[in-house]
Amino acid sequence: MAFVPRIACLRPSRTQTQLISVAIGGAGRRNSRLSLCRATHGTASSTDAGVLAGSGVPLPPPGSAATSPVWRSSSVVEKYAKMPFTRVTLEELLQMGETHDLVSSARFARDELPKRMARRVKALQNLPFIVGVNPHIKSIYDLYHDSLGALLALPEPVDGPSQAVFTEELRKLVGAHQEVIPVLAKGFKECGKYMTKDAKTMFLDNMIHARIGIRVIAEHHLSLATPSPAYIGVVNTRLSPAVLITSVANYVRDLCELNYGGVAPEFVVAGHTDTLIAYIGVHLEYIFMEILKNAMRATVEFSSRTGRIEHPPVEIVVCKSDEEVVIRVRDQGGGISQKDLGHIWDYSYTTVPKYDDDTDSIFDTQARMGMQAGSGGPMAGLGFGLPMSRIYAKYFQGSLEIRSIEGYGCDVFLRVPNILGSSHVIED
Ligand SMILES: Nc1ncnc2c1ncn2[C@@H]1O[C@H](COP(=O)(O)OP(=O)(O)OP(=O)(O)O)[C@@H](O)[C@H]1O
Ligand SMILES: [Mg+2]
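Not measured: the values here are computed from a predicted model.

(A) Spatial organisation of the overall build of the protein. Looking only at helices and strands, the protein features 15 helices and 8 strands. Taking all 428 residues of the protein together, 48% fall into the buried category. Across the protein, contacts joining residues at least 24 apart in sequence account for 81% of those joining residues at least 6 apart.

What follows is the structure in structure tokens.
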């Protein structure tokens, strides 16, 4: 059934898919001012692109398994992977956006992205051989490797026309990376058993964290090129957590009704509902979606297990201080058992019964991840919702915690730094 997300209505100028594509993260060092001028122009050369192209194959279609040798070692990957990053904080994104200087923004993206892409290529090269040859993992490797080559081949943005060419090509590259997470999830579902839990967690944490950083930088530039009111690049400077979570909760209720035969709990939003913050909306949207799906699923399933007739509402509270905004989501879904509690942050850990592996296809996985991206699908099942949400929350120094009362319900606390508060003054 076609399912139109209501949330898309919040920002008519962008599609839901584009918005979700922004959702990505990486640690920023607070107070380290980002200077566009600091970017070392000229480090990315077309000669480097030529070396990469000579070692590999043309850019494969997004998500396709390429036929190249397993690893295409190159000095270019080594060179860029060793270069230090420029850390990016929310404050710095705002500062960068306020200059409205598209050429500088493009040059920053062109200098910064190859270093980050090269590190991902290296990380994929360092996977155990048997994992790296999995067709899904291999296709991700090829995508990153060839995107690095494509980035390096782009002309240096020095004026309006060259900036426009760069921006257009960057937009295509961002689109080509849309399916990375579902494809990775599929790959690790097939061959994650060949790695220890810690190694797998570290790889996926780093990969998802780095992907957020890459996409924030890319999308920030793309958004600056197509400005919308109240936005500075990807940052919504007048984001209402209460309005956003209401919209997401309505969407999740619809999803819940689709999944449980017309049944879904109500919800209430209370507290400092008029609070406005500056934040990347899609990051919050993603986290709200995952928390609320879990809460509503737990509520409905606990009612069914215990014979409860009325579903208690999910209670949402927004609370603002100078330092942070806290969003608490409380459900009466029976809580989490001690046995499960130690695993809920593990990738692929889910209490949804296993579906039939034989009939599983990439489309099943994509449907599940589509659900995670807010485009409809089941309420749960991949075991990626909580670990990914926590990476998003922590990306800009926030946090995500769960308190469970077994037999009763859960409280989820999302802390979002309030960069408009007194201690996060945006410097000139
Ligand atoms: N509010 C909650 N109440 C009860 N159990 C919960 C709650 N939130 C999470 N859980 C438990 O934690 C597990 C992991 O949650 P997570 O969101 O990571 O994965 P999932 O919901 O199973 O799948 P998906 O990746 O589709 O979200 C869930 O399967 C569920 O057992
Ligand atoms: Mg979930």
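(B) Main features of helix α8 (residues 160-176). Its 17 residues give α8 an end-to-end C-alpha distance of 25 Å, which sits within 8% of 24 Å, the value for a rise of 1.5 Å per residue. Those residues of α8 not exposed but buried are Q163, F166, T167, L170 and L173. Around the axis of α8, the buried residues are gathered within 125° of arc, so they sit on the same side. Residues of α8 that are exposed and point more than 90 degrees away from the buried face comprise P161, E168 and K172. Check the buried side of α8 and you find it contacts α5 (102-125), α7 (135-153) and α10 (197-225).

(C) Seen up close, the site of ligand 1. Neighbouring ligand 1 are 23 residues; N294, A298, T350, A380 and G385 lie closest to it. The set of elements that each furnish at least two residues to the shell around ligand 1 consists of α12 (281-306), α14 (362-372) and α15 (385-395). Of all the elements, α12 adds the most residues to the shell around ligand 1, at 4 residues. Its residues assigned to classes, the shell around ligand 1 comprises 11 nonpolar, 8 polar and 4 charged.

(D) Geometry of the environment of V216. When you line up the elements, V216 lands in helix α10. Considering only alpha carbons, one finds V216 and I280, 64 residues apart in sequence, at a separation of 8.9 Å.

(E) Summary view of the pairing of strand β5 (residues 314-320). Burial along β5 is one-sided: the face carrying V314, I316, V318 and K320 is buried and the face carrying E315, V317 and C319 is not. Across 5 bridges, the pairing between strand β3 (residues 267-271) and β5 is parallel. What sits directly across from F267, in β5, is V314. Note: β5 against strand β6 (residues 324-331), 6 bridges, orientation antiparallel. Its bridge partner being in β6, K320 is matched across the sheet by V325. Here β5 hands over to β6 after 3 residues, the two strands then running antiparallel side by side.

(F) Just the sheet that holds strand β1 (residues 231-232), in detail. Strand order in the open sheet formed by 3 strands is β1-β2-β4, and the pairing between neighbours is antiparallel. The strands lining the two open edges of the sheet, one partner per strand, are β1 and β4 (277-280). Bridge count for β1 against strand β2 (residues 235-239) is 2 bridges, and the pairing is antiparallel. Following the sheet pairing, Y231 is matched in β2 by N236.

(G) Inspection of the sheet that holds strand β8 (residues 409-417) at higher detail. Strand order in the open sheet made by the 5 strands is β3-β5-β6-β8-β7, with mixed pairing throughout. Strands with a single pairing partner mark the edges of an open sheet, and in this sheet they are β3 and β7 (399-405). Adjacent strand axes in the sheet meet at a mean angle of 15°, parallel and antiparallel pairs treated alike. Contacting β3, β5 and β6, helix α11 (residues 241-259) crosses the sheet at an angle of about 175° to β3. Lying over the sheet, α12 contacts β5, β6, β7 and β8, oriented at roughly 20° with respect to β6.

(H) How the structure looks around the pairing of β2. As consecutive antiparallel partners, β1 and β2 are separated by 2 residues, and within that stretch G233 has a phi angle of approximately 60°, a positive value. Judged from the 3 bridges that link them, β2 and β4 form a sheet pairing that is antiparallel. Bridging across to β4, L239 finds its partner in I277.

(I) Molecular detail of the packing of α5 against α8. Two elements in contact, α5 and α8, have axes whose closest approach is 10 Å; the angle formed by their N-to-C orientations is 50°. One way to sum up the angle between α5 and α8 is to call them oblique. When the axes of α5 and α8 are compared, the crossing they make is left-handed. Residues L102, V103, A106, A109 and R110 of α5 form the contact with α8, whose participating residues are Q163, F166, T167 and L170.

(J) Geometry of unusual backbone geometry. Notably, S348 is not glycine yet its phi reads approximately 70°, a positive angle. With respect to the secondary-structure elements, S348 resides in the loop between α13 (338-341) and α14. According to the C-beta neighbour criterion, S348 is partly exposed, with 16 such atoms within 10 Å.

The rules behind these values
- Residues numbered from 1 in each chain as written.
- Chains lettered and ligands numbered in written order.
- Predicted model: local features only at pLDDT ≥ 70, side-chain atom pairs only at ≥ 80, totals over all residues.
- Helix = DSSP H or I, 4+ residues; strand = E, 2+ residues; numbered from the N terminus.
- Buried ≥ 20, exposed ≤ 12 C-beta atoms within 10 Å, placed from the backbone.
- Contact = placed C-beta atoms within 7 Å.
- Expected span 1.5 Å × (residues − 1).
- Arc of directions from axis to C-beta.
- Near = placed C-beta within 6 Å.
- Nonpolar A, V, L, I, M, F, W, Y, C, P; charged D, E, K, R; others polar.
- Pairing = 2+ DSSP bridges.
- Axes fitted to C-alpha atoms, helices over the stretch in contact; angles between N-to-C directions.
- Parallel < 35°, antiparallel > 145°, perpendicular 65-115°, else oblique.
- Left-handed = near helix turned anticlockwise from the far one by under 90°.

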